[in-house]
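Below, each chain spelled out in residue letters.
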Amino acid sequence: MSADLALVVPCYNEAARLDPAAFVHFLATHPGVGLVMVDDGSVDGTWELLERIRAAAPAAVAAIRLSPNRGKGEAVRAGIVAAIAENPAVVGFFDADLSTPLRAVDDFLALLRTRPDIEFVLGSRVLLMGRDVKRKAARHYLGRAFATAVSLALDLPVYDTQCGAKMLRVTPATATLFATPFRSRWIFDVELIARYLHLPVAPGEAKRRDRLYELVLPVWHDKPGSKLRWYDFARAMVEVAYIWRERVAYRSRDDAAPAYQKR
């Protein structure tokens, strides 16, 4: 599989929610896009659906089967490592339930084409006039509390880190972000942003934080069947605290580094 964009789709027991026709149609209208479908140890019929998608577009689809289940972060990482080996210009990941519709790919790519200074694009769920964002109230308010904690932990005014739609330009530096396993199973997105902020910057280059962009999604619908539970929020807050401690440690080392190594 070779493509300008390699889009990773992590799947865990998605047989009831996966829409093979949507993926096949998308590929037919986007010849520059390849899919890397990752089955993260599913025990239902997910793998059979992924095989159906691959059979419909074998030149544009790669399927990976992990066993046992490793968590979403590792499923995404395995898919992106495989994708980067094919030398795409951009890699990204979208949730399998398509709460972010595949047509949003065009918005991400348009931004990257018109903003060469941007390297890392985060989908952001913001209910504004003219946006079709449907999200359960409880998850929204928990999400706002979580986002506030993440902003403090990263020292970054980020609104939404947990939207399952993100894209990165592939460079020697960004490829290293996926070289080692993520510590977190669920908030790997935050860990990924933290890793990105810690990448070195050459003299004259923009700071990493200035190459991040939150793209407000025109459509996002909360789909039933989420794997998250209430106690995952408590675990996530513990992991955010770990990331905050790590950032403070990096900041201390960074303050002692030569100016050309500043992030």
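Above this note sits the structure.
Note that this is a predicted model, so its numbers are computed, not measured.

### Side note on helix α4 (residues 104-114)
Here's step 1: Those residues of α4 that sit buried are A104, V105, F108, L109, L111 and L112. Burial along α4 is one-sided: seen end-on, the buried residues are contained in an arc of 155°. Exposed side chains of α4 directed beyond 90 degrees from the buried face belong to R113 and T114.
Here's step 2: Residues of α4 that are buried sit in contact with β1 (5-11), α1 (20-29), β4 (90-94), β5 (120-124), β7 (165-169) and β8 (212-216).

### Some words on helix α2 (residues 46-56)
Here's step 1: Among all positions of α2, only T46, W47, L49, L50 and I53 are buried. The buried residues of α2 occupy one face: seen down the axis, they fall within an arc of 160°. Facing away from the buried surface of α2 by more than 90 degrees, the exposed residues are R52 and A55.
Here's step 2: Contact partners of the buried residues in α2: β1, α1, β2 (33-40) and β3 (61-66).

### Focus: the environment of E74
Here's step 1: Along the chain, E74 falls in helix α3 (residues 72-84).
Here's step 2: Residues in contact with E74, not counting those within four places in the same chain, are L66, P181 and F182.

### What to know about the sheet that holds β1
Here's step 1: Here seven strands make up an open sheet; going across it, the order is β3-β2-β1-β4-β7-β5-β8 and the pairing mixed. Only two strands of the sheet have a single partner each, and these edge strands are β3 and β8. Each neighbouring strand pair of the sheet contributes to a mean axis angle of 20°, computed without reference to strand direction.
Here's step 2: In this structure, β5 lies alongside β8, joined through five bridges in parallel fashion. Counted as the bridge partner of L122 is E214 from β8.

### Description of the pairing of β1
Here's step 1: Across the seven residues of β1, seven count as buried, placing the element largely inside the fold.
Here's step 2: Residue alternation in β1 divides its side chains into two sets, L5, L7, V9 and C11 and A6, V8 and P10, and both sets are buried.
Here's step 3: In this sheet, β2 lies alongside β1 in parallel orientation, the contact comprising seven bridges. Within β2, the position partnered with P10 by the bridge is V38.

### A short note on the side chain of T46
Here's step 1: Checked against the element boundaries, T46 lands in helix α2.
Here's step 2: When its relative accessible area of 0% is taken as the criterion, T46 is described as buried.
Here's step 3: Reaching out from T46, the side chain makes a polar contact with the side chain of D44 at a distance of 2.7 Å.
Here's step 4: Every residue in contact with T46, bar those within four places of it in the chain, is listed here: C11, N13, E14, A15 and D39.

### Notes on unusual backbone geometry
Here's step 1: In this model, S67 is joined to P68 through a cis peptide bond whose omega is 0°.
Here's step 2: Summarising the element assignment, P68 is placed in the loop between β3 and α3.
Here's step 3: The backbone of D155 sits at a positive phi, close to 55°, despite the residue not being glycine.
Here's step 4: Taking the relative accessible area as the measure of exposure, D155 reaches 35% and is therefore partly exposed.

### A word on the packing of aromatic side chains
Here's step 1: Applying the stated criterion across every chain yields a total of five aromatic pairs.
Here's step 2: Relative to F188, the ring of F93 lies with its centre 5.6 Å away and its plane at 45°, an arrangement referred to as tilted. Of this pair, F93 sits in strand β4 while F188 sits in helix α7 (residues 188-197), and the two are 95 residues apart along the sequence. Each member of the pair, F93 as well as F188, is classed as buried.
Here's step 3: Summarising the aromatic geometry, the rings of F178 and F182 are spaced 6.4 Å apart at their centres and angled 85° between planes, so their arrangement reads as edge-to-face. Taken as a pair, F178 and F182 share a single burial class, namely buried.
Here's step 4: Put simply, the rings of F93, F178, F182 and F188 touch in pairs and so form one group of aromatic residues.

### A few points about the pattern of salt bridges
Here's step 1: As enumerated under the stated definition, the model contains 12 salt bridges in all.
Here's step 2: Across the pair R17 and D97 runs a salt bridge whose closest N-O atoms are separated by 3.3 Å. Pair noted here: R17 is in the loop between β1 and α1 and D97 is in the loop between β4 and α4, with a separation of 80 residues, a long-range link.
Here's step 3: On the basis of relative accessible area, R17 is assigned to the partly exposed category, the value being 23%.
Here's step 4: In this structure D97 comes out as buried when scored by relative accessible area, which is 12%.
Here's step 5: Linking E74 and R77 is a salt bridge whose minimum nitrogen-to-oxygen distance equals 3.0 Å. With a gap of three residues between them, E74 and R77 both fall in helix α3, about one helical turn apart. By the burial criterion, E74 is buried, and R77 matches it.
Here's step 6: Look at the salt bridges and you will find they share partners, linking E119, E205, R208 and R211 into a network.

Reading guide: rules and limits
- Residues numbered from 1 in each chain as written.
- Predicted model: local features only at pLDDT ≥ 70, side-chain atom pairs only at ≥ 80, totals over all residues.
- Heavy atoms only, no water.
- Buried < 20%, exposed > 50% of the residue type's maximum accessible area, 1.4 Å probe, protein only.
- Helix = DSSP H or I, 4+ residues; strand = E, 2+ residues; numbered from the N terminus.
- Arc of directions from axis to C-beta.
- Contact = heavy atoms within 4.5 Å.
- Pairing = 2+ DSSP bridges.
- Axes fitted to C-alpha atoms, helices over the stretch in contact; angles between N-to-C directions.
- Polar contact = N/O pair within 3.5 Å; in protein donor to acceptor, adjacent residues only side chain to side chain.
- Phe/Tyr/Trp six-rings, centres within 6.5 Å; stacked < 30°, edge-to-face > 60°.
- Salt bridge = Lys/Arg side-chain N within 4 Å of Asp/Glu carboxyl O.

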